[in-house]
Amino acid sequence: MTTTAPLPAAGERSPTAVPAKRGAGRTARRRQLGACGILMTPFFALLVTVFLIPVATAVWLSFFGADEPGLGFGPERTVFVGLRSYAAVLTDPTFLSGLGIVVLYCVIYIPVMVLCALALALLLDSGVVRLRSWAQLGLFLPHAVPGIIAAIIWLYLYTPGLSPVIDLLGNAGITVDFLGIHTVVPSMVNIALWSNVGYNMVVFYAALQAVPHEVVEAAVVDGAGPVRTALQVKTPLIRASIVMVAMFTLIFALQLFTEPMLLSQNTPMISSRFSPSMYIYDAAFNRNNYGLAAAASVVLLVCTIALSYGVTRWTSRLDARSARAARREVAA
Amino acid sequence: MSARDIGAGGTVALRPRLLGRSTVNLVVAVSVLYTLLPVLWLVLAATKGRDALFGSDVLSLHDFAFFTNLRALFTQDGGLYGRWYLNSLLYAVLGAALGALISTACGYAFDKYRFRHKEKLFGLVLAAVMVPQTVLALPLYLMASGTGLVNTFWSVFIPVLFNPFGVYLGRIFSQGYVPDEVLEAARVDGAGELATYAKVSLRMLGPGIVTVFLFQLTGIWNNFFLPLVMLSDQHLYPVSLGLFSWNSQATVTPDYYPVVIAGSLLAVLPLILAFALLQRFWRSGLTAGAVK
């Protein structure tokens, strides 16, 4: 299956595509491009079969609907319905509320995640922390816990009767329903935060190690305290990592599926269409409405791309602005 | 930055030195407790019988039922758990090994060869990193059912081989680990391009390949959505999906709780082991991804 797919790089392998350079000779050049093609073929065969074709199929399917819903699949059973599925998805209150929940989830989760991971990385980098590598390992440990297991652990820690947390709080006179209508999103943010904060902390910490010593020393010589050095010298220097972490966090947050899917087994607060991904799953595999599921998939895809693009544009504009500011400072 | 700002920052920062030191350690210690305690709870809960579990006596050691739980785990539903575990190992280890080789070879080719539209093609690879898996699941399911692959090993195994982020990392590692001079020298010696890759470059790329392997291993071991969509035969389930299905039964039959907890604990071990053994690799991978 992986070797029969067309290769998008095929055009690139043609010997006429690139002029021969520095007397390497046409045959040598052809040999190189041949090797390049062979090394790339398995990956691009996969890219075509499990990425390009599925994305195209999703777009294609979204324009078709079943004449008799719930009967069979495949193009022979379906008719062209244009944008009808999109209209259905975008006016479906359960889909819109799912989108709303994911937006709320992102608005809470991403800033908390980035700030916590950054704060921990800066604290560890300050050189004040005892047992630093042990602390790092402890913080990183949840990353080795699979997402579904993390959800199971926290589900049990949220379940009255099973949870020592609820008992402890109860002894202190506090009753919390972790899976109530107002707490269910923060409870899921907590699971994701627990799973990923250590990982992102290590990413930031690794980036901080690359900050040149001279820059930090210069700041200290200039009289900047540790807090100031951390916030105004180190943090701006690792902005690329911060943006990358925020971006990946966003992409994964938009796919929110595993945690609500598991929690939905134990709480009526989470319906089977709680998040857009659950909506897609429900539409495709419970209601067998492939057109609707495909339209919802495309909407989610467009949102993801638009947001990622927005973040990239926004940060590059910030970069340009700070570069201009730096130039002005140098000129002054 | 003006001189006035710096002076103010300096005086503020010098005063709370000692206080700051203990505050910093306290914050880090509390954070470590936050990440460790749930894992500790899992370990302790796995040693408890069902009644002790619901009695919330997790911290006491008097009802030690770990081996009873293990026996229950491996005999429940005709020993399905062992089957799931082997499936997960097969999907993850084989998939990550093959996937890492495929991705790094492609990343290496992106680094070492010049051809037209290279950066556009690389842009496509980066775009693939961003596409949500849930978007691809339905069409992948339809393709798999069209080719008769749905509910087989291959329907889960083939898609997990695809790792565009591995190509990105592979390109960075190739830049860092394989000097262009090595290729030039091999060409002067008359060695074929692929022979050079197999005999020289592959060895130099080794640590990079292990890093990508580790990342992909984690991803596949965590994989839940794809098996959920593709598989209906319980014997093909990976651990994640199996525990999910058992957990849904636990809400009806509480006897499943100790089994799910013990099963969860065992499912965590391989990744902890992999991270412990391959520590220096995941660190280098994070650095490569973060600093570039």
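In every chain, residue numbers begin from 1 and rise along the written sequence. Whichever chain is written first becomes A and whichever ligand is written first becomes 1, with later ones labelled in order. At least 70 in pLDDT is required for a residue's local features to be given in this predicted model, at least 80 for side-chain atom pairs to be given and counted, and no such filter applies to totals for whole chains, interfaces and linings, which use all residues. Note that water and hydrogens are dropped before the side-chain values are worked out from all heavy atoms of the structure.

Enquirer: Whenever I open this one, the overall build of chain A confuses me. Can you help?
Expert: Along the backbone of chain A there are 13 helices and 2 strands. We call a residue buried when its accessible area falls under 20% of the maximum for its residue type, exposed when it is over 50%, and partly exposed in between, using a 1.4 Å probe and counting protein chains only. In chain A, which comprises 332 residues, the proportion classed as buried is 49%. When contacts within chain A are restricted to residue pairs at least 6 apart in sequence, long-range pairs at least 24 apart make up 65% of them. Each helix corresponds to a stretch of at least 4 residues labelled H or I by DSSP, and each strand to a stretch of at least 2 residues labelled E; elements are numbered beginning at the N terminus. Whether two residues are in contact is decided by their heavy atoms: any pair within 4.5 Å suffices.

Enquirer: Would you explain the overall build of chain B in this entry?
Expert: Across its full length, chain B holds 15 helices and 0 strands. Taking the intrachain contacts of chain B between residues at least 6 apart in sequence as the baseline, contacts between residues at least 24 apart amount to 77%. With the model as given, the accessible surface of chain B reaches about 12600 Å², and the carbon-plus-sulfur share is 67%. For every accessible area listed, the method is Shrake-Rupley and the probe measures 1.4 Å; residues are considered covered only by the protein chains on display.

Enquirer: Sorry if this is basic, but what is going on with the side chain of Arg171 of chain B here?
Expert: In this fold, Arg171 of chain B is placed in helix α9 (residues 164-177). If near-sequence neighbours (up to four positions away) are discounted, Arg171 of chain B is found in contact with Gly107, Phe110, Asp111, Lys118, Glu119 and Phe122 of chain B.

Enquirer: Hey, could you run me through the interface of chain B and chain A in this one?
Expert: How big an interface is tends to be reported as the loss of accessible area on association of its parts. Taken residue by residue, the interface counts 98 residues in chain B and 108 residues in chain A. Once two parts are put together, the accessible area they lose, assessed with a 1.4 Å probe and summed over both, is termed the buried area. Here chain B meets chain A over a buried area of about 9300 Å², counting both sides, of which 77% is carbon and sulfur. Only one rule defines a salt bridge in this text: a Lys or Arg side-chain nitrogen within 4 Å of an Asp or Glu carboxyl oxygen. Taken together, chain B and chain A are joined by 0 salt bridges. The term polar contact refers here to a pair of N or O atoms within 3.5 Å; inside protein, the definition further demands a hydrogen-donor-capable atom paired with an acceptor-capable atom, and it admits residues adjacent in sequence only when both atoms are side-chain atoms. Joining chain B to chain A, the criterion identifies 14 residue pairs in polar contact (both at pLDDT 80 or more). Counting residues per element, the side of chain B that touches chain A draws most heavily on helix α2 (residues 17-46) of chain B, at 15 residues. Polarity classes work like this: nonpolar for Ala, Val, Leu, Ile, Met, Phe, Trp, Tyr, Cys and Pro, charged for Asp, Glu, Lys and Arg, and polar for all others, with Gly in that last group. Among the residues making up the side of chain B that touches chain A, the classes are represented as 69 nonpolar, 21 polar and 8 charged.

Enquirer: So what exactly am I meant to see when it comes to the pattern of salt bridges here?
Expert: When the charged atoms of two side chains with opposite charge come close together, those side chains can pair. Tallied over the full model, the rule gives 8 salt bridges over all chains. Two residues, Glu119 of chain B and Arg171 of chain B, come together in a salt bridge whose shortest N-O distance is 2.9 Å. Placement of the pair is Glu119 of chain B in helix α6 (residues 118-130) and Arg171 of chain B in helix α9, with a sequence separation of 52 residues. When salt bridges with common partners are traced through the structure, they connect Arg273, Asp282 and Arg287 of chain A into a single cluster.

Enquirer: Would you mind going over a nonpolar patch on the surface with me for this structure?
Expert: Residue and element names in this part refer to chain A. Patches were defined on residues exceeding 30% relative accessible area and lacking a salt bridge, with like-charge contacts within 9 Å and nonpolar side-chain contacts (Val, Leu, Ile, Met, Phe, Trp, Tyr) within 5 Å. Together, Leu131, Trp134 and Leu137 make up an exposed nonpolar region whose accessible area comes to about 370 Å². Take Leu131: it is sitting in the loop between α3 (93-125) and α4 (132-140). Leu131 sits in the exposed class, given a relative accessible area of 64%.

Enquirer: Just checking my understanding: could you explain the nonpolar core for this structure?
Expert: Inside soluble globular proteins, nonpolar side chains tend to come together where they are buried. To form a nonpolar core, buried Ala, Val, Leu, Ile, Met, Phe, Trp, Tyr and Cys residues must be joined to one another through side-chain atoms within 4.5 Å. Counting 195 residues, the largest nonpolar core has Tyr81 and Phe110 of chain B as its most contacted members. Ranked by the residues each element gives to this core, the list is headed by helix α7 (residues 184-209) of chain A, at 16 residues.

Enquirer: What am I meant to see in the environment of Leu90 of chain B here?
Expert: Residue and element names in this part refer to chain B. Relative to the helices and strands, Leu90 is located in helix α5 (residues 80-112). By relative accessible area, which is 41% here, Leu90 ends up partly exposed. With residues near it in sequence (within four places) discarded, Leu90 still touches Gly95, Phe153 and Phe157.

Enquirer: Even after reading the chapter, I still don't get helix α5 (residues 147-158) of chain A, so can you show me in this structure?
Expert: For an α-helix the count is 3.6 residues per turn, leaving residues at separations of three or four pointing the same way. In this scheme, a helix's expected span is set at 1.5 Å multiplied by one less than its residue total. The terminal C-alpha atoms of α5 of chain A, which comprises 12 residues, lie 16 Å apart, in line with the 16 Å expected from a rise of 1.5 Å per residue. Counting buried positions along α5 of chain A gives 11 out of 12 residues, so the element sits mostly inside the fold.

Enquirer: Would you mind going over the confidence of the model for chain A with me for this structure?
Expert: When pLDDT drops low, the exact placement of atoms in the prediction is not to be read closely. All names here are of chain A. The pLDDT score gives, residue by residue, the confidence of the prediction method on a 0 to 100 scale. With 88% of its residues at a pLDDT of 70 or more, chain A shows a mean pLDDT of 84. Confidence, read as mean pLDDT per element, is least for strand β2 (residues 78-80) in chain A (77) and greatest for α3 (94). Scored below 50 in pLDDT, residues 1-21 shows 37 contacts in the model against residues more than four places distant or in partner chains.

Enquirer: Looking at this structure, I do not really get helix α7 (residues 133-146) of chain B. What am I missing?
Expert: Residues and elements named next belong to chain B. Between its first and last C-alpha, α7 extends 20 Å over 14 residues, near the 20 Å set by a 1.5 Å rise per residue. By the largest-angle criterion, Pro139 marks the main kink of α7, which is about 25 degrees. Counting buried residues in α7 gives 11 out of 14 residues, a clear majority hidden from the surface. For α7, every residue scored as buried is listed here: Thr134, Val135, Leu136, Ala137, Leu138, Pro139, Leu140, Tyr141, Leu142, Ala144 and Ser145. Note on α7: the residue one or two positions beyond its end, Gly148, has a positive phi of about 75 degrees. The bend at a residue is defined as the angle formed between two axes, one fitted to the seven residues ending at that residue and one fitted to the seven starting there.

Enquirer: What am I meant to see in the side chain of Thr49 of chain A here?
Expert: Residue and element names in this part refer to chain A. By the secondary structure assignment, Thr49 is in helix α1 (residues 26-61). Relative accessible area serves as the criterion here: at 7%, Thr49 is assigned to the buried category. Within polar-contact distance, the side chain of Thr49 engages the backbone oxygen of Ala45 at 2.8 Å.

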